[in-house]
Amino acid sequence: MGINPVLDERSDTPIYRQLYDSIRSSILDGSIGLGDRLPPTRELAGQLGLNRATVSAAYELLEQDGLIRGHVGRGSFVADGPISFATSRPLEELFPLDDFRISAREVLADPAIATILQLGAPQGYGPLRDYLSSSGDVLITTGCQQALDLLQRVLAPAGSTVLVEDPTYPGLKNVFENAGVRLAPLGTAGARSTLAIVTPNFQNPTGRTMPIEERERLVREMRDRRTRLVELDIYSALRYRGEELPSLLELDGGANVIQIGSFSKIAFPGLRVGWVKAPRDVAMRLVEAKQWTDLHTDQLAQAILLRFAESGRLDAHRRRVVEHGASQLQAALSALDREMPYGTEFTRPDGGMNLWVRLPAPLDAAALLPEAQRMGVAYLPSRYFAVGEADPAAFRLSFGGLSPERIARGVTLLGEAFRRETPVAPREFATALV
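Presented here is a report on the structure given in the accompanying data block. (Residues numbered from 1 in each chain as written. Predicted model: local features only at pLDDT ≥ 70, side-chain atom pairs only at ≥ 80, totals over all residues. Heavy atoms only, no water.)

Helix and strand content of the protein chain: 15 helices and 15 strands. Here the protein chain has a C-alpha radius of gyration of 22 Å; the compact-globule value for 434 residues is 22 Å, and the two agree. With the C-alpha coordinates of the protein chain rotated into their principal frame, the extents come out at 60 × 50 × 45 Å. Residue burial in the protein chain is summarised as follows: out of 434 residues, 52% are buried. Element-wise, carbon and sulfur atoms account for 49% of the exposed surface of the protein chain, whose accessible area totals about 19600 Å². Within the protein chain, one finds 48 positive and 53 negative side-chain charges whose respective centroids are separated by 2 Å. (Helix = DSSP H or I, 4+ residues; strand = E, 2+ residues; numbered from the N terminus. Rg over C-alpha atoms; globule rule 2.2 N^0.38 Å. Buried < 20%, exposed > 50% of the residue type's maximum accessible area, 1.4 Å probe, protein only. Areas by Shrake-Rupley, 256 points an atom, 1.4 Å probe, with all protein chains shown as cover. Lys, Arg positive; Asp, Glu negative; His and termini not counted. Charge placed at Lys NZ, Arg CZ, Asp CG, Glu CD.)

Here you go:
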């Protein structure tokens, strides 16, 4: 077995991520077979002329995805039929590829295609911005991750404090902490902050939905404190039950709230198209920062997604995703009810792709991960999400990328792994974690 990735040092994508993507593709297409042993990190680093830490970082991502398993003294092996609850992503089998091809052909046949393929404005593709908002204060970004990065550059310099939910989304943690920004749990007494960032709908990692009273109070409090409030609104379209609640942007009227959105959870995450809606003074500063970062987000991807949306294909796809998502969530909740050790607690989301599990004492989710991976199942322990002290018993279970059958099978295997470490029987009924 040979690993011969094409790595581009000039790319904006880090080398470790390029290596991860290459090995992952080889595993998924069968070029690297189930049970195959990967080269040791030192050996592969020597072959590719890389730092060993770079290879180790790529292997760690593969292990988080459940694609490989490390064995002390033996090396890393491709997992046998891995079931990964480690990544919050949509189910590829639901991608409407025929509709996407039609949308792409229609855009390519448009007489304006030469303009689309030309350099564009840093604000983004004009027709897509008009589709997303009539105010004009919309910036198209390369996914929500770039939106967070731009907000850090513009509004949260090194040494400042940003308030976030605890636990919180790892991508958010990485952006701000790597820039020297201090993160503090929302509600920290006396914290003077430049930004507060929350996910009101189906929060990642917990799946929690913020009640209307809490939304209204938060909007008022942040406005009174003159702290910009950022709303990560990337899961709201994935509601499976319950009544839709007004967004923070709607409650605020656009004076203080900055909203981040994305097509990644309801369409094609690989196209990397997101957006920021912000007050005009903030929007202009973000546009300037983006211009020096990458000039503009890929216009062809923007144009195809716009055509996909305007044609009605996006709405039809979203209805299928919501219907299937409800069955995925139910499969996860039913299996957790049935298989987890007595005393386990977990959230019961109304939508989204994630829920939060807390095992009974003295079980440690991080310590049990190697055993779960040995059985072909992966998840992310709480340390990846913690702002303060991590809860050793907790982990995120992301079900969006798996079929209901795979979800049930994965949770069954987790239950077997966990019950080996505790004498109590599986619980009969679920415990709500709020």
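Looking at the element boundaries, T344 is found in the loop between α13 (313-339) and β11 (345-346). Given a relative accessible area of 0%, T344 falls into the buried group. Among the polar contacts made by the side chain of T344, one reaches the main-chain carbonyl oxygen of P341 at a distance of 2.7 Å. (Polar contact = N/O pair within 3.5 Å; in protein donor to acceptor, adjacent residues only side chain to side chain.)

With that out of the way, let us pick up the sheet that holds strand β6 (residues 182-185). Ordered in space as β4-β10-β9-β8-β7-β5-β6, the seven strands form an open sheet in which the pairing is mixed. Taken across any chain shown, the strands that pair with only one partner, and hence form the sheet edges, are β4 (138-141) and β6. The average undirected angle you get between the axes of adjacent strands in this sheet is 25°. Bridge analysis of strand β5 (residues 161-164) against β6 gives four bridges, and the strand direction is parallel. For V162, the partnering residue across the bridge sits in β6 and is L183. Strands in contact with helix α8 (residues 170-178) are β5, β6, β7 (195-198) and β8 (228-232); relative to β6, the strand with the most contacts, it is inclined by about 135°. Docked against the sheet, helix α11 (residues 280-294) engages β4, β8, β9 (257-262) and β10 (274-277), running at close to 30° with respect to β4. (Pairing = 2+ DSSP bridges. Axes fitted to C-alpha atoms, helices over the stretch in contact; angles between N-to-C directions. Contact = heavy atoms within 4.5 Å.)

Glancing now at the packing of aromatic side chains. All chains considered together, the criterion is met by eight aromatic pairs. Measuring from centroid to centroid gives 5.6 Å for W356 and F385, while their planes differ by 90°, and the two rings are edge-to-face. Residue W356 is found in strand β12 (residues 354-358), and its partner F385 is found in the loop between β14 (380-381) and β15 (394-398); the two are separated by 29 residues along the sequence. With respect to class, W356 is no different from F385; both count as buried. One aromatic cluster in this structure is built from F95, F100, F268 and F308. (Phe/Tyr/Trp six-rings, centres within 6.5 Å; stacked < 30°, edge-to-face > 60°.)

The next thing to look at is the nonpolar core. If you look at the biggest cluster of nonpolar residues, it comprises 92 residues, and the most contacted ones within it are F85, F176, Y379, L397, L414 and F418. In terms of residue count, α13 provides more of this core than any other element does, nine residues in total. Other than its neighbours up to four places away in sequence, Y379 contacts F85, A86, A365, L368, L369, A372, F395, R396, L414 and F418. (Core = buried A, V, L, I, M, F, W, Y, C linked by side-chain atoms within 4.5 Å.)

Attention shifts here to the packing of helix α2 (residues 41-48) against helix α3 (residues 52-64). α3 packs onto α2 with a crossing angle of 120° between their chain directions and a minimal axis gap of 8 Å. With respect to their mutual orientation, α2 and α3 come out oblique. Judged by the twist between their axes, the crossing of α2 over α3 is right-handed. Contact residues: T41, R42, L44 and A45 in α2; R52, V55, S56 and Y59 in α3. Residues that form the contact of α2 with α3 fall into these classes: four nonpolar, two polar and two charged. (Parallel < 35°, antiparallel > 145°, perpendicular 65-115°, else oblique. Left-handed = near helix turned anticlockwise from the far one by under 90°. Nonpolar A, V, L, I, M, F, W, Y, C, P; charged D, E, K, R; others polar.)

Before going further, it helps to spend a moment on the environment of V387. Counting through the fold element by element, V387 comes out in the loop between β14 and β15. Judged by its relative accessible area of 17%, V387 falls in the buried class. Residues V387 and G274 lie 113 residues apart in sequence; the distance between their C-alpha atoms is 25 Å. Among all residues touching V387, those that are not within four sequence positions of it are V164, E165, D166, T168, L183, A184 and P185.

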